[in-house]
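The primary structure of each chain is shown beneath.
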Amino acid sequence: MELRHLRYFVVIAEELHFGRAAERLHMTQQPLSQQIRQLEAEIGVLLFHRTKRRVQLTEAGKAFLEEARQILHKASQAVEIAKQVARGENGKLTVGFSGFATYSLLPKVLRIFREQFPLVELELEEMTSSAQVQALQHHQIHLGLMIPPIPGTEFVQESILREPLVVILPETHPLATQPELKLSALANESFILVSRHLEPGYYDLCISLFQQAGFSPKVVQKASQKQTILGLVSADMGVSLAPASIRNIHRTGVVYTTLSPLNVEVELMAVWRQDETSTVLQTFVRVIREIRFQK
């Protein structure tokens, strides 16, 4: 039994006339009658009562009609889903992302992507850059949004955002009212930083900036999440640095101050495996590029 047999049967069942059914199917009546007799012989039951004046469905034919329509509908759905997946409009995409991305580009990317491709199942997980690299290596995520440098040659890396750094101060800090600060003004402060084994690129960038400012920081706490850092700063445990998009987090007890000079920036990269074949991934990357170029 082939799908064409089911299509022939359904059209005849709808017309209850072999001549009209043949016209709809763009074929002659005799081959159509032969196909239906073959179908009846294969399943072992009569599907139609035929006389010279009328054609009627048998009880078996009525039951078969309902199932045949469902099978044809499912087959049509399968074809459409396959085409959607091939176009990157359907499927599943797993994205790992740094907290940096949460407060900058990612929300807009997700909103636009969901509007344009509602059939794609998106799975998102906040992860450190180190964890994202491992997840990519083990095929646990399709795409990572992370801070460079990224080790390994098996990845495609694309810069999607650069942002200046800001200083995070307790609101009671003597320097909290300053519109901008040089890093050297913080030489005697206690610092709260992201742990190096979690975000090596970002940690090394901060240490390099401290060295350029002429001091080694007194690091009193290390944390993995931006929210944790904000909580510790608000508790007057120390000060910190962060990408400027952290200003989007309104946290009681902290102040964000511009860091001078303004050309001190942190970069966000989109990273995926060179051997990744997901068309949904390419669709997602295309949306990222469109938003980046709008900025």
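To be clear, the structure that these remarks concern was listed above.
Remember, it's a predicted structure, so these values are computed and weren't measured experimentally. (Residues numbered from 1 in each chain as written. Predicted model: local features only at pLDDT ≥ 70, side-chain atom pairs only at ≥ 80, totals over all residues. Heavy atoms only, no water.)

### Topic: the environment of isoleucine 291
Here's step 1: Mapped onto the fold, isoleucine 291 is located in helix 10 (residues 279-294).
Here's step 2: With a relative accessible area of 2%, isoleucine 291 lands in the buried category.
Here's step 3: Sequence separation of isoleucine 291 and serine 260 is 31 residues, and the distance between their C-alpha atoms is 28 Å.
Here's step 4: Among all residues touching isoleucine 291, those that are not within four sequence positions of it are Leu105, Lys108, Val109 and Ile112. (Helix = DSSP H or I, 4+ residues; strand = E, 2+ residues; numbered from the N terminus. Buried < 20%, exposed > 50% of the residue type's maximum accessible area, 1.4 Å probe, protein only. Contact = heavy atoms within 4.5 Å.)

### A word on the pattern of salt bridges
Here the idea is simple: oppositely charged side chains can pair when their charged atoms come close.
Here's step 1: Scanning the entire structure with this criterion turns up 14 salt bridges.
Here's step 2: A salt bridge links arginine 292 to glutamate 158; the shortest N-O distance between them is 3.3 Å. Of this pair, arginine 292 sits in helix 10 while glutamate 158 sits in strand 6 (residues 155-170); the two residues are 134 residues apart in sequence, bridging distant segments of the chain. Take arginine 292 and glutamate 158: they sit in the same class, and that class is buried.
Here's step 3: Where salt bridges share partners, they join Glu14, Glu15, Arg20, Arg24 and Arg69 into one cluster. (Salt bridge = Lys/Arg side-chain N within 4 Å of Asp/Glu carboxyl O.)

### Section: the nonpolar core
The nonpolar side chains of a soluble globular protein tend to be buried with one another.
Here's step 1: Leu143, Leu145, Tyr202, Phe210 and Phe284 are the most contacted members of the largest nonpolar core, which has 64 residues in total.
Here's step 2: Filtering out sequence-adjacent residues up to four positions away, phenylalanine 210 remains in contact with Leu183, Phe191, Leu193, Phe215, Pro217 and Leu241. (Core = buried A, V, L, I, M, F, W, Y, C linked by side-chain atoms within 4.5 Å.)

### Some points on the packing of aromatic side chains
Here's step 1: If you walk through the whole model with that rule in mind, you get eight aromatic pairs.
Here's step 2: Relative to phenylalanine 48, the ring of phenylalanine 18 has its centre 6.1 Å away and its plane inclined at 70°; by these criteria the two rings are edge-to-face. Separated by 30 residues along the polypeptide, phenylalanine 18 in helix 2 (residues 18-24) and phenylalanine 48 in strand 1 (residues 48-50) bring together distant segments of the chain. Residue phenylalanine 18 shares its accessibility class with phenylalanine 48, and that shared class is buried.
Here's step 3: The rings of Phe9, Phe18, Phe48 and Phe64 are connected pair by pair, giving a single aromatic cluster.
Here's step 4: Positioned over the ring face of tyrosine 202 is lysine 226, at 5.3 Å from the centre of the ring. (Phe/Tyr/Trp six-rings, centres within 6.5 Å; stacked < 30°, edge-to-face > 60°. Lys NZ or Arg CZ within 6 Å of the ring centre and 35° of its normal.)

### Observations regarding helix 1 (residues 3-15)
Here's step 1: Along its 13 residues, helix 1 runs 19 Å from first to last C-alpha, staying within 8% of the 18 Å computed at 1.5 Å per residue.
Here's step 2: Every buried residue of helix 1 is listed here: His5, Leu6, Tyr8, Phe9, Val10, Val11, Ile12 and Ala13.
Here's step 3: Looking at the buried positions of helix 1, the neighbouring elements they touch are helix 2, helix 3 (29-43), strand 1, strand 2 (55-57) and helix 4 (59-86).
Here's step 4: Looking one or two residues past helix 1, leucine 16 carries a phi angle of roughly 50°, positive in sign. (Expected span 1.5 Å × (residues − 1).)

### Observations regarding the environment of threonine 58
Here's step 1: The residue threonine 58 is located in the loop between strand 2 and helix 4 in this model.
Here's step 2: Once the C-alpha coordinates of threonine 58 and arginine 37 are considered, the two residues, 21 residues apart in sequence, prove to be 14 Å apart.
Here's step 3: Beyond its immediate chain neighbours, meaning those up to four positions away, threonine 58 contacts Leu46, Leu47, Phe48 and His49.
Here's step 4: Only 2.7 Å separates the side chain of threonine 58 from the backbone oxygen of leucine 46, close enough to count as a polar contact.
Here's step 5: For threonine 58, the side chain forms a polar contact with the main-chain nitrogen of glycine 61, separated by 2.9 Å. (Polar contact = N/O pair within 3.5 Å; in protein donor to acceptor, adjacent residues only side chain to side chain.)

### A look at the environment of arginine 289
Here's step 1: Its place among the elements puts arginine 289 in helix 10.
Here's step 2: Sequence separation between arginine 289 and alanine 223 is 66 residues, and the spatial gap between their C-alpha atoms is 31 Å.

### Let's talk about the packing of helix 1 against helix 4
Pairs of packed helices are described in terms of their axes, by the angle between the two and the distance that separates them.
Here's step 1: For the pair helix 1 and helix 4, the least separation of the axes is 9 Å and the interaxial angle reads 125°. Judged on the interaxial angle alone, helix 4 and helix 1 are oblique. Viewed along their axes, helix 1 and helix 4 form a crossing whose handedness is left-handed. Contact with helix 1, carried on its side by Leu3, Leu6, Arg7, Phe9, Val10, Ala13 and Glu14, involves Gly61, Phe64, Leu65, Ala68, Arg69, Ile71, Leu72 and Ala75 of helix 4 and no other residues of that element. (Axes fitted to C-alpha atoms, helices over the stretch in contact; angles between N-to-C directions. Parallel < 35°, antiparallel > 145°, perpendicular 65-115°, else oblique. Left-handed = near helix turned anticlockwise from the far one by under 90°.)

### Points about the pairing of strand 6
Here's step 1: Across nine bridges, the pairing between strand 6 and strand 12 (residues 265-273) is antiparallel. Residue pairing across strands places serine 159 opposite methionine 269, the latter belonging to strand 12.
Here's step 2: As judged from the four bridges shared by strand 6 and strand 10 (residues 240-243), these two strands associate in the antiparallel manner. Bridged to valine 166 within strand 10 is alanine 242.
Here's step 3: Bridge analysis of strand 6 against strand 11 (residues 254-260) gives five bridges, and the strand direction is antiparallel. Paired with isoleucine 168 across the bridge in strand 11 is tyrosine 256. (Pairing = 2+ DSSP bridges.)

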